[in-house]
Amino acid sequence: MDTAPHTELPRIAVITGSTRPGRRTDQVAAWVHRRASDHLHGRAEVVTVDLADQDLPLLDEPLPAAFGEYRHPHTRRWAELVGAFDGFVFVVPEYNHSMPAAVKNAIDYLYAEWNDKAAGFVSFGIHGGVRAAEHLRLVLAETKTACVRTTVALNLFADFDVPDIRQRGTFAPAEHHEPALLRMLDEVVEWSTALRTIRAGRAS
């Protein structure tokens with residue numbers, strides 16, 4: 001399902017990819033949203049989508065998402081929300097060498113709503129969260145999502161002020177991350193705009 005209004009600016013969702021209490025992901029997503037809103041002003045609409053607000057249980061649809069026969073109200077709500085966007089920026093921490101389970105679960109619920117759209121990544125962790133981003137690339141490739149090259153990789157110790165690792169701390173990104181973020185955002189918007197043509201042709 002693709003409900004994006006193609007006569008308007010492309011719509012980009014900043015997906016807050018963790019539901020854990022005490023997470024740091026919301027701080028990073030807020031930074032991405034602020035920079036994206038300023039940088040893409042007049043070129044795209046930027047909206048934050050927090051997975052913690054979606055109330056998605058562990059995947060409970062009886063049929064694979066590729067069939068497009070969604071039975072549950074929470075799935076149909078999620079499909080309508082995702083279907084309204086042209087591109088995505090996933091903000092993800094690295095959990096145990098990969099992405100959080102909540103992100104994989106949210107992706108697995110849908111199929112057509114991800115097709116022929118663009119995605120970029122802002123990851124963080126002890127090693128910059130790069131393994132979470134790389135695993136996301138593999139998963140999204142199966143949903144026909146085009147993942148852009150540039151990734152922002154934030155270090156848990158260098159880009160956060162965390163006196164006590166058990167606490168959230170404060171996000172304080174180094175200056176060199178912003179050019180990469182802006183480059184990634186440009187790539188997402190360019191690909192999102194181009195892929196609209198493919199989706200329009202598919203729907204006609």
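Remember, predicted model here, so these are calculated numbers, not experimental data. (Residues numbered from 1 in each chain as written. Predicted model: local features only at pLDDT ≥ 70, side-chain atom pairs only at ≥ 80, totals over all residues. Heavy atoms only, no water.)

(A) Local environment of the side chain of aspartate 50. The residue aspartate 50 is located in strand E2 (residues 45-50) in this model. For aspartate 50, a relative accessible area of 14% puts it in the buried group. A distance of 2.6 Å separates the side chain of aspartate 50 from the side chain of arginine 23, its partner in a polar contact. If we skip the residues at most four places from it in the chain, aspartate 50 touches Thr16, Ser18 and Arg23. (Helix = DSSP H or I, 4+ residues; strand = E, 2+ residues; numbered from the N terminus. Buried < 20%, exposed > 50% of the residue type's maximum accessible area, 1.4 Å probe, protein only. Polar contact = N/O pair within 3.5 Å; in protein donor to acceptor, adjacent residues only side chain to side chain. Contact = heavy atoms within 4.5 Å.)

(B) Layout of helix H4 (residues 130-142). Here H4 spans 19 Å end to end across 13 residues, near enough to the 18 Å set by a 1.5 Å rise per residue. Ala132, Ala133, Leu136, Arg137, Val139 and Leu140 are the residues of H4 that are buried. Taken together, the buried residues of H4 touch strand E3 (87-93), helix H3 (101-108), strand E4 (117-125) and strand E5 (145-155). (Expected span 1.5 Å × (residues − 1).)

(C) Structural context of the environment of leucine 156. Note on placement: leucine 156 falls in the loop between E5 and strand E6 (160-161). Sequence spacing of leucine 156 and aspartate 53 is 103 residues, and the spatial spacing of their C-alpha atoms is 24 Å. Dropping the residues within four chain positions of it, leucine 156 is found in contact with Arg24, Gly125, Ile126, Val162 and Ile165.

(D) Expanded view of the pairing of E5. Note: E4 against E5, eight bridges, orientation parallel. Note on E5: the bridge partner recorded for valine 122 is valine 152. Following the backbone out of E4, through H4 and into the adjacent parallel E5, one traces a crossover that is right-handed. (Pairing = 2+ DSSP bridges. Right-handed = clockwise from strand over helix to strand, strands pointing away.)

(E) Layout of the UniProt feature "domain: NADPH-dependent FMN reductase-like" (unreviewed entry) in the protein chain. Following the UniProt record, the feature "domain: NADPH-dependent FMN reductase-like" (unreviewed entry) maps to residues 10-156 here. Here residues 10-156 is 32% helix and 27% strand, with 32 Å between the C-alpha atoms at its ends. (UniProt positions renumbered as here; feature names shortened; annotations may be inferred.)

(F) Focus on the packing of helix H1 (residues 25-39) against helix H5 (residues 177-203). Put simply, H1 and H5 touch, their axes get as near as 10 Å, and they point 65° apart. In the packing of H1 onto H5, the handedness of the crossing is right-handed. Only His177, Glu178, Leu181, Leu182, Leu185 and Asp186 of H5 make contact with H1, whose side of the interface consists of Trp31, Val32, Arg35, Ala36 and His39. For the contact of H1 with H5, the class distribution of residues is six nonpolar, two polar and three charged. (Axes fitted to C-alpha atoms, helices over the stretch in contact; angles between N-to-C directions. Left-handed = near helix turned anticlockwise from the far one by under 90°. Nonpolar A, V, L, I, M, F, W, Y, C, P; charged D, E, K, R; others polar.)

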